[in-house]
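Each chain, letter by letter, is given below.
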Amino acid sequence: MTQATVTLTTCPNRNVADAIAEALVERHHAACVNIIPGLTSVYRWDGAIQKDEEWLLVAKTTEPAYPGLEACVLDLHPDELPEIVALPATGGLSGYLRWVAQETESAQ
């Protein structure tokens, strides 16, 4: 079975989160994207500590579909250096993981 992957991406507002999530699913780069509001990120950027309210995207995809997901996020995200972190799914319900693989096949 194709290796499932979970990606994390933060967005500056709901409109950006919606646009990216919809594009990822529409283009088959992800089978499902959860949009989680109410996230606060604290990080260092340009030598200063930043604190921003953000929206978190949790996308379920596959290793072969990941390059398209990354390219899509980079194309649509307004940040200079958006957060895109990919984590291998080392387990999960086999039927769900098959569905993720089927939904992302045409993007590969």
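Bear in mind the structure is a predicted one, so any value in this text is a computation, not a measurement.

K.L.:
Would you mind going over the overall build of the chain in detail, with residue names and values included?
P.N.:
What the chain contains, in helices and strands, is 3 helices and 4 strands. Moving toward the C terminus, one meets the helices and strands of the chain in the order β-α-β-β-α-β-α. Taken over C-alpha atoms, the radius of gyration comes to 14 Å for the chain, in line with the 13 Å a tight globule of 108 residues would show. C-alpha atoms of the chain, sized along the principal axes, occupy 45 × 25 × 20 Å.

K.L.:
Give me the packing of helix H1 (residues 14-26) against helix H2 (residues 66-76): which residues, what numbers.
P.N.:
Two elements in contact, H1 and H2, have axes separated by 10 Å at closest approach and are oriented at 150°. Classified by the angle their axes make, H1 and H2 are roughly antiparallel. The hand of the H1/H2 crossing is right-handed. Contacts between H1 and H2 involve Ala-19, Ile-20, Ala-23 and Leu-24 from the former and Leu-69, Cys-72, Val-73 and Leu-76 from the latter. Counted by class, the contact of H1 with H2 contains 8 nonpolar, no polar and no charged residues.

K.L.:
So what's going on with a nonpolar patch on the surface? Which residues, and what values?
P.N.:
On the surface, Tyr-43, Trp-45 and Leu-81 cluster together into a nonpolar patch covering about 300 Å² of accessible area. As for its position among the elements, Leu-81 is in the loop between H2 and strand E4 (85-88). On the basis of relative accessible area, Leu-81 is assigned to the exposed category, the value being 60%.

K.L.:
Report on the sheet that holds strand E3 (residues 48-62), specifying residues and quantitative values.
P.N.:
The strand order across the open sheet formed by 4 strands is E2-E3-E1-E4, and the pairing between neighbours is antiparallel. In this open sheet, the two edge strands, each paired with only one partner strand, are strand E2 (32-45) and E4. Direction aside, the axes of adjacent strands within the sheet are offset by 30° on average. Strand contacts of H1: strand E1 (4-11), E2 and E3, with the helix running at about 130° to E2, the strand carrying the most contacts. Here helix H3 (residues 94-104) sits on the sheet and contacts E1, E2 and E3; the angle it forms with E3, its principal contact strand, is near 95°.

K.L.:
Provide a residue-level description of the pattern of salt bridges, including the pertinent values.
P.N.:
According to the stated counting rule, one finds 1 salt bridge in the structure shown. With its nearest N and O atoms 2.8 Å apart, the salt bridge here joins Asp-18 to Arg-14. Linking Asp-18 with Arg-14, this pair stays in helix H1, spanning 4 residues, or about one helical turn.

K.L.:
Describe H2, naming the residues involved and giving the relevant values.
P.N.:
Listed in full, the buried residues belonging to H2 are Tyr-66, Leu-69, Cys-72 and Val-73. Projected down its long axis, H2 shows its buried positions confined to an angular sector of 125°, all on one face. Facing away from the buried side of H2 by more than 90 degrees, the exposed set consists of Pro-67 and Asp-75. As for H2, its buried residues are in contact with E1, H1, E3 and E4.

Calculation rules
- Residues numbered from 1 in each chain as written.
- Predicted model: local features only at pLDDT ≥ 70, side-chain atom pairs only at ≥ 80, totals over all residues.
- Heavy atoms only, no water.
- Helix = DSSP H or I, 4+ residues; strand = E, 2+ residues; numbered from the N terminus.
- Rg over C-alpha atoms; globule rule 2.2 N^0.38 Å.
- Axes fitted to C-alpha atoms, helices over the stretch in contact; angles between N-to-C directions.
- Parallel < 35°, antiparallel > 145°, perpendicular 65-115°, else oblique.
- Left-handed = near helix turned anticlockwise from the far one by under 90°.
- Contact = heavy atoms within 4.5 Å.
- Nonpolar A, V, L, I, M, F, W, Y, C, P; charged D, E, K, R; others polar.
- Patch = residues over 30% accessible without salt bridge, like charges linked within 9 Å, V, L, I, M, F, W, Y side chains within 5 Å.
- Areas by Shrake-Rupley, 256 points an atom, 1.4 Å probe, with all protein chains shown as cover.
- Salt bridge = Lys/Arg side-chain N within 4 Å of Asp/Glu carboxyl O.
- Buried < 20%, exposed > 50% of the residue type's maximum accessible area, 1.4 Å probe, protein only.
- Pairing = 2+ DSSP bridges.
- Arc of directions from axis to C-beta.

By themselves, these observations are geometric and do not establish any function.
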